[in-house]
Amino acid sequence: MAENQDGQEKSQDPTSKRLADARKKGQVPRSRELNTMALTLIGVSSIMMLGNHFGEGFESQFRQHLMLSREDIFDTYAVLDHFIAAVEQALLLVLPFFGVMIVVAVLASIALGGFNVSFQAMQPKLSKLNPIKGLKRIFGPKGLMELFKSLAKFVLVSLVTVLVMWSWNEDIIALGSKDVKVALVEGMSMLCWAALLIASTMILMAILDVPFQLWQHKKELKMTMQEVKDEFKQTEGRPEVKGRIRQMQREMAQARMMAEVPKADVIVTNPTHYAVALRYDPDTMNAPLLVAKGKDLVAANIREVGDEHDIPRIEAPVLARAIYFNTELNEPIPAGLFLAVAQLLAYVFQLKAYQVEGGDIPQQPDEFPVPDELQHD
């Protein structure tokens, strides 16, 4: 297992951030064998398919530009014109082949690792000129692997070449006894098929090299446990900082909540552990709204702010707990509590009317009906 400079074991798979950073630096898996296989196979196949096209085209050029009249031979400008025309026609003739090879070269290079342009990798680095590091790359594990692949390719290609030559030796010798035109056609056909068979050996090399390159790339980007922790801290933030941010957010939310308490119509308490503040405007609301809630110290603050602004406070432990646990802040109360809260608000409004107009003192209900499924201990 690989280790870093501190001697820690790189046992963790690279994170998505590590992989993204590697792509920015140009570190993506690439396979030369895959490129070589694609170029040789497609190149030979294209030559075989375009063989008649090439043959007829070059034959036509030879007739036009190599069979010159006596006047053209002694005319310098005519020879130059023939030469320029021959070059132009030759380029047009091989243009489809070059176009196919360019497309194959691009697709084969991005088949493994995808398309990636790294400006960081383009920047000149003096460390690349260090001969000691260069020797380490040559004689390191990666360099030895490349040497092994080169030897394997040499042996494989040589073996297949010898087998092809051995199996076609009689046909090759027989070409000498045939007409020149026939021998030329058959010889070119045999050459193309031999090249295709030899190029096919690259398939085996690509099959072996692609998984190796993926494994090597993943191995190079493996991380130690400490690196994973440090990266998590960089991306997610240090726990103490995140905790402080959450605390500040809670304090800000609590401050906003406390600012809504003076607008409440009633505060319902447990009486000491829980406190909720409700507001209801029959003209604009379909149901009473929970504007503040809290327990223990927060509940005490709600009661204190309510007392400062003369907000009626009602002790209803079951209802207070039901509202606290079943209603989100700044949300209307659930339908199951409509009846209980309606009785509560009716009593509060009667109490306010008594304080303004006088009359009989309203009687607080003994209890407010809360469904069993909404009750909390």
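Worth saying up front: this structure is predicted, and the values here are computed from it rather than measured.

Asker: Just checking my understanding: could you explain the overall build of the chain for this structure?
Answerer: Summing up its helical and strand segments, the chain has 15 helices and four strands in all. The buried share of the chain, taken over its 377 residues, is 29%. Considering only residue pairs separated by 6 or more positions, the chain has 73% of its internal contacts joining residues 24 or more positions apart.

Asker: What am I meant to see in the packing of aromatic side chains here?
Answerer: Given two aromatic rings, their pairing is described by the distance between the two centres and the angle made by the two planes. Under the counting rule described, the total for this entry stands at five aromatic pairs. Where tyrosine 324 meets phenylalanine 325, the ring centres are 5.1 Å apart and the plane angle is 80°; that geometry is what we call edge-to-face. In this structure tyrosine 324 comes out as buried when scored by relative accessible area, which is 16%. Overall, the relative accessible area of 37% leaves phenylalanine 325 in the partly exposed class. Members of the aromatic cluster, connected to one another through ring pairs, are Tyr274, Tyr324 and Phe325.

Asker: What is the right way to read the side chain of lysine 149 from this model?
Answerer: Tracing the backbone through its elements, the reader meets lysine 149 in helix α8 (residues 141–167). Judged by its relative accessible area of 6%, lysine 149 is buried. Looking at lysine 149, its side chain comes within polar contact range of the side chain of aspartate 209, at 2.7 Å. Those residues within four positions of lysine 149 in sequence are excluded, and the remaining contacts are Glu33, Met205, Asp209 and Gln213.

Asker: What is the right way to look at a nonpolar patch on the surface in this model?
Answerer: Residues Leu80, Phe83, Ile84, Val87 and Leu91 make up a contiguous nonpolar surface patch of roughly 470 Å² in combined accessible area. Position of valine 87 among the secondary structure elements: in helix α5 (residues 76–110). What makes valine 87 partly exposed here is its relative accessible area of 36%.

Asker: Teacher, can you tell me more about helix α3 (residues 51–65) here?
Answerer: One full turn of an α-helix is made of 3.6 residues, so residues set three or four places apart face in the same direction. Over its 15 residues, α3 extends 21 Å from the first C-alpha to the last, a length consistent with the 21 Å expected when each residue adds 1.5 Å. Residues of α3 that are buried include every one of Phe54, Gly57, Gln61 and His65, and no others. Along the long axis of α3, the arc covered by the buried residues comes to 75°, so they all point the same way. Away from its buried face by more than 90 degrees, α3 exposes Asn52, Glu56 and Arg63.

Asker: Is there a simple way to explain the pairing of strand β1 (residues 266–269) in this structure?
Answerer: Every other side chain in a regular strand lies on the same face of the sheet, so the side chains alternate between the two faces. Here β1 shows a buried face lined by Val266 and Val268 and a second buried face lined by Ile267 and Thr269. Examined bridge by bridge, β1 and strand β2 (residues 274–279) share four bridges and lie antiparallel to one another. Bridging across to β2, valine 266 finds its partner in leucine 278. Following β1, the chain reverses through four residues before pairing antiparallel with β2. Two elements, β1 and strand β4 (residues 313–315), share three bridges in a ladder whose sense is parallel. In the sheet register, threonine 269 faces β4, and the bridge partner there is glutamate 315.

Asker: I would appreciate a short explanation of the sheet that holds β4 in the present structure.
Answerer: Across a sheet, strands are paired by hydrogen bonds formed along the backbone, either parallel or antiparallel in direction. Judged by pairing direction, the sheet is mixed, and its four strands sit side by side in the order β3-β2-β1-β4 without closing on themselves. Both outer strands of the open sheet, β3 (289–295) and β4, are each paired with one neighbouring strand and no more. For this sheet, the mean inter-axis angle between neighbouring strands, taken without regard to orientation, is 20°. Sheet strands touched by helix α13 (residues 297–308): β1, β2, β3 and β4. Its angle to β3, the strand with the most contacts, is close to 125°. Seen against the sheet, helix α15 (residues 338–357) touches β1, β2 and β4 and runs at an angle of roughly 125° to β1.

Asker: For this particular structure, what's the right way to read the pattern of salt bridges?
Answerer: When the charged atoms of two side chains lie near each other, side chains of opposite charge can form a pair. A complete count under the given rule lists six salt bridges for this structure. In this structure, the salt-bridge partner of aspartate 209 is lysine 149, at a minimum N-O distance of 2.7 Å. Taken together, the residues aspartate 209 in helix α10 (residues 180–220) and lysine 149 in helix α8 connect sequence positions 60 residues apart. Here aspartate 209 falls in the buried class, since its relative accessible area comes to 2%. Two residues, glutamate 186 and lysine 178, come together in a salt bridge whose shortest N-O distance is 2.6 Å. By relative accessible area, lysine 178 is classed as partly exposed at 35%.

Reading the values: the criteria
- Residues numbered from 1 in each chain as written.
- Predicted model: local features only at pLDDT ≥ 70, side-chain atom pairs only at ≥ 80, totals over all residues.
- Heavy atoms only, no water.
- Helix = DSSP H or I, 4+ residues; strand = E, 2+ residues; numbered from the N terminus.
- Buried < 20%, exposed > 50% of the residue type's maximum accessible area, 1.4 Å probe, protein only.
- Contact = heavy atoms within 4.5 Å.
- Phe/Tyr/Trp six-rings, centres within 6.5 Å; stacked < 30°, edge-to-face > 60°.
- Polar contact = N/O pair within 3.5 Å; in protein donor to acceptor, adjacent residues only side chain to side chain.
- Patch = residues over 30% accessible without salt bridge, like charges linked within 9 Å, V, L, I, M, F, W, Y side chains within 5 Å.
- Areas by Shrake-Rupley, 256 points an atom, 1.4 Å probe, with all protein chains shown as cover.
- Salt bridge = Lys/Arg side-chain N within 4 Å of Asp/Glu carboxyl O.
- Expected span 1.5 Å × (residues − 1).
- Arc of directions from axis to C-beta.
- Pairing = 2+ DSSP bridges.
- Axes fitted to C-alpha atoms, helices over the stretch in contact; angles between N-to-C directions.

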